[in-house]
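# Coordinates in review
The primary structure of each chain is shown beneath.
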Amino acid sequence: MAHESHPSSLLFGLVKPRNNVSKIWWVFGFLSIITIVEVFLGISKPASLHLSSFLGTSPLNWIFLILTLVKAYGITWAFMHMDGEKKWFRRAIVWTTIFLICYLTLILLIEGSYFHDVMAPYVKWDY
Amino acid sequence: MEATVATKDHHSWADDKTQKKPFEASYGKMMMWFFIMSDALTFSGFIIAYGAIRFKFIETWPIADEVFTHIPFVHGSYPMYYVAFMTFVLIFSSVTMVLAVDAGHQLKKNKVAWYMFATIIGGAIFVGSQAWEWKTFIQGSYGAVQMHDGKIIQFVDGTGHQVTLESFTTSHETVREQHISKNGLWFTSEVSLPVFTMAEVVEGFKKNPNLSVRTEKIDFETKSKEILSREQSLNLLAEGKAVIKGANLEANEYGKTLFADFFFFITGFHGFHVFSGIIFNIIIFFNVIVGTYEKRKNYEMVEKVGLYWHFVDLVWVFVFTFFYLV
């Protein structure tokens, strides 16, 4: 069984946990802090982030998206041990998935906006 | 029985006479990864479809903060807290799972068993919370009126806060009974009747001059729903079709029908994954206890089921973002 006695480092080498267990708790703390930040922002919704617009949506939404991807990275690399797999096995899984998801997202969100542009003018609001 | 007690170097790359594993990954683990990949694409298909429909109705989509506002045993409006709790439970059960995998590497049977047990408990708490969340969503909180074209209108007081139908409507005794197959046409039936009739809601609304109607339309300057003047409200209410309380697949008091449909479908599909994960974990838990992996000197099965469990957590991270945050 492939078993490393020394856990791989976290955050691109910034954190070097002593053993596997301390690495797990470190990642848990990291994911918890991100979740707490998300929940705090989700409840307080600061107007400067929530009501302004940046690249098509509010900066708040961009923050949520990026934090979500960071969390996904943490879970996949540390908890699912992606960091311990062979480089091209990792890439076969991750690149394929990310490419297909990006493709589908692009196509369907453009399609959804188009539907909105075409149909919204016909929705009646005065009875 | 012989199949379950595998030899130490067992792997299923049976045709490979060199005994060299592709990518140095065992057959089972690699196949679990490929399954996870396909399942990830299934989930992303659902979530992206939700995104497409939301973009289509971008002006009228319900605001999640106003929908999911409940905490068990507590009254009042607390958006987000309960889902945040659920997220923590799931992340924490992921932690105990990965601790079980780590203990497995060290061949510590009792530790693996206890961590697996904690993971199962965490999963059960999550599924229970999910069920409660569904129950609250289905029962509804304020009640609303549905128009003939399917739009939903809600009721707010002078401060712009939503009010319940019960707070301004009084029910009169009615002779109308619910149509079920027993008392009417045998081949058809209707859903349970709302507590109030349209006429009672209109009457109550007229008696309370501080109330107004809130439409589904979002004002993008303030990211809040449009509130009509008293006069407009009365006109709109006069056109109302039905009283709606709670949510089902055909109508819901929160707004767009598709919102509830996607909610039930995606959280339901995720909840079913969690449920299956719990079953898998229980099976592996008992295998650990009876010593199957102890005999193999190999706890890789725990690692494989752990991959699935982490994946369920991973999906929830995205569901949390797209249903509750964004």
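Throughout, residues of each chain are indexed from 1 in the direction in which the sequence is written. Numbering of ligands from 1 and lettering of chains from A proceed in the order in which they are written. Reporting in this predicted model follows two pLDDT cut-offs: at least 70 for local features of residues, and 80 or more for side-chain atom pairs to be given and counted; totals over whole chains, interfaces and linings ignore these cut-offs and use all residues.

Each helix is a run of H or I in the DSSP string that is no shorter than four residues. Each strand is a run of E no shorter than two, and both are numbered from the N terminus. For chain A, the count of helices and strands is 4 helices and 0 strands. Secondary structure elements of chain A occur, N-terminal to C-terminal, as α-α-α-α. Projected onto its principal axes, the C-alpha positions of chain A cover 70 × 35 × 25 Å. Looking at chain A as a whole, 18% of its 127 residues are labelled buried. For every residue pair, C-beta atoms are placed from the backbone, and the pair is scored as a contact if these atoms sit within 7 Å. Counting contacts in chain A only where the partners sit at least 6 residues apart, residues at least 24 apart contribute 39% of the total. Neighbour density around each residue's C-beta defines its exposure: 20 or more other C-beta atoms within 10 Å make it buried, 12 or fewer make it exposed, and counts between make it partly exposed, where C-beta atoms are placed from the backbone.

Let's shift gears to the overall build of chain B. In terms of regular secondary structure, chain B is built from 9 helices and 5 strands. C-alpha atoms define the radius of gyration, and 2.2 Å times the number of residues to the power 0.38 defines the globule rule. Here chain B has a C-alpha radius of gyration of 26 Å; the compact-globule value for 326 residues is 20 Å, and the former is much larger. Projected onto its principal axes, the C-alpha coordinates of chain B cover approximately 80 × 50 × 35 Å. Within chain B, counting contacts between residues at least 6 apart in sequence, those at least 24 apart form 67% of the total.

Quick look at the environment of Asp 219 of chain B now. Residue and element names in this part refer to chain B. Secondary-structure assignment places Asp 219 in strand E3 (residues 212–219). Asp 219 sits 160 residues away from Glu 59 along the chain, and the two C-alpha atoms are 7.9 Å apart. The residues contacting Asp 219, other than those within four sequence positions of it, are Ser 224 and Glu 226.

Another aspect to go through is the packing of helix H3 (residues 59–79) of chain A against helix H9 (residues 300–325) of chain B. At a minimum axis distance of 10 Å, the contact between H3 of chain A and H9 of chain B shows a crossing angle of 175 degrees. Judged by the inter-axis angle, H3 of chain A sits roughly antiparallel to H9 of chain B. Here Phe 64, Thr 68, Lys 71, Ala 72, Ile 75, Thr 76 and Phe 79 of chain A of H3 of chain A come into contact with H9 of chain B, specifically with His 310, Asp 313, Leu 314, Val 317, Phe 318, Thr 321 and Leu 325 of chain B. Here the term charged refers only to Asp, Glu, Lys and Arg, the term nonpolar to Ala, Val, Leu, Ile, Met, Phe, Trp, Tyr, Cys and Pro, and the term polar to all other amino acids, Gly among them. Here the contact of H3 of chain A with H9 of chain B is composed, by residue class, of 8 nonpolar, 4 polar and 2 charged. The convention used is that axes are lines fitted to C-alpha atoms, helices contributing only their stretch in contact, and that angles between N-to-C directions extend from 0 to 180 degrees. When describing relative orientation, an angle under 35 degrees is termed roughly parallel and one over 145 degrees roughly antiparallel, while 65 to 115 degrees is termed roughly perpendicular and anything else oblique.

Bringing the domain arrangement of chain B into the picture now. Domain delimitation follows an automatic or database domain assignment. On domain assignment, one finds that chain B holds domain 1 (23–140 + 259–325) and domain 2 (144–175 + 190–245). Averaged C-alpha coordinates put domain 1 of chain B and domain 2 of chain B at centres separated by 37 Å.

For the rest of this paragraph, the subject is the sheet that holds strand E1 (residues 144–147) of chain B. Where strands meet in a sheet, backbone hydrogen bonds hold them as pairs that are either parallel or antiparallel. Residues and elements named next belong to chain B. Any two strands with at least two DSSP bridges between them are considered paired. Read from one edge of the open sheet, 5 strands run E4-E3-E2-E1-E5, paired in antiparallel fashion. Looking at strand neighbours, the two that pair on one side only are strand E4 (224–227) and strand E5 (240–244), the edges of this open sheet. Strand after strand, the sheet turns through a mean of 45 degrees between neighbouring axes, direction not considered. The sheet contact formed by E3 and E4 spans 3 bridges and is antiparallel. The residue of E4 that forms the bridge with Ile 218 is Lys 225. Along the sheet, helix H6 (residues 230–238) makes contact with E1, strand E2 (152–156), E3 and E5, crossing E3 at roughly 95 degrees.

A word on the pairing of E3 of chain B. All names here are of chain B. Sheet topology places E2 next to E3; 3 bridges connect them, and they run antiparallel. In the strand pairing of E3, Phe 155 is matched with Val 213. Hairpin geometry of E3 and E4 is characterised by an intervening segment of 4 residues between the two adjacent antiparallel strands and by a positive phi of about 50 degrees at Lys 223.

Time to look at the interface of chain B and chain A. Taken together, the 46 residues of chain B in the interface contact 46 residues of chain A. At the level of secondary structure, the elements contributing two or more residues to the side of chain B that touches chain A comprise helix H1 (27–56), helix H3 (81–105), H6 and H9 of chain B. Of the residues forming the side of chain B that touches chain A, the biggest block, 13 residues, is contributed by H1 of chain B.

A few words on the confidence of the model for chain B. The predicted coordinates of low-pLDDT regions are not to be read in fine detail. Residues and elements named next belong to chain B. The quantity called pLDDT is the predictor's confidence in a given residue, expressed from 0 to 100. Taken residue by residue, chain B gives an average pLDDT of 90. The fraction at 70 or more is 94%. Considering each helix and strand of chain B separately, the mean pLDDT is smallest for helix H2 (residues 64–67), with a value of 90, and largest for helix H7 (residues 257–290), with 97. Per the prediction output, this complex has pTM 0.89; the corresponding ipTM is 0.91.

Let us now look at the nonpolar core. Counting 74 residues, the largest nonpolar core has Ala 100, Val 112, Met 116 and Val 302 of chain B as the members making the most contacts within it. Counting only elements with at least two residues in this core, the list comes to helix H1 (20–44) and H3 of chain A together with H1, H2, H3, helix H4 (109–139), H7 and H9 of chain B. Of the residues forming this core, the biggest block, 16 residues, is contributed by H9 of chain B. Ignoring any residue separated from it by four or fewer positions in sequence, one finds Met 116 of chain B in contact with Ala 100, Asn 281, Ile 284, Phe 285 and Val 288 of chain B. A set of buried residues qualifies as a nonpolar core if it consists of Ala, Val, Leu, Ile, Met, Phe, Trp, Tyr and Cys joined through C-beta atoms within 7 Å. Within the second largest apolar cluster, 15 residues are counted, among which are Ala 144, Leu 165, Val 201 and Leu 211 of chain B.

We now examine unusual backbone geometry. Among all residues except glycine, the phi angle is most often negative; among peptide bonds, the trans geometry is most common. Residues and elements named next belong to chain B. One non-glycine residue, Phe 23, lies in the positive phi region at around 55 degrees. Structurally, Phe 23 can be placed in the segment before H1. Exposure remark for Phe 23: the 15 C-beta atoms within 10 Å place this residue in the partly exposed category. Even without a glycine there, the phi angle at Glu 24 is positive, about 55 degrees. Mapped onto the elements of the fold, Glu 24 is located in the segment before H1. Given 12 C-beta atoms within 10 Å, Glu 24 falls into the exposed group.

Residues and elements named next belong to chain B. Relative to the helices and strands, Ser 276 resides in helix H7. For Ser 276, a count of 12 C-beta atoms within 10 Å translates into the label exposed. The spacing of Ser 276 and His 172 is 104 residues in sequence and 48 Å in space, taken between C-alpha atoms.

Further remarks concern the environment of Phe 323 of chain B. Residue and element names in this part refer to chain B. Mapped onto the elements, Phe 323 comes out in helix H9. The sequence separation of Phe 323 and Ser 141 amounts to 182 residues, and the corresponding C-alpha distance is 18 Å. With sequence-adjacent residues up to four places away left out, Phe 323 is seen in contact with Ala 64 and Phe 263.

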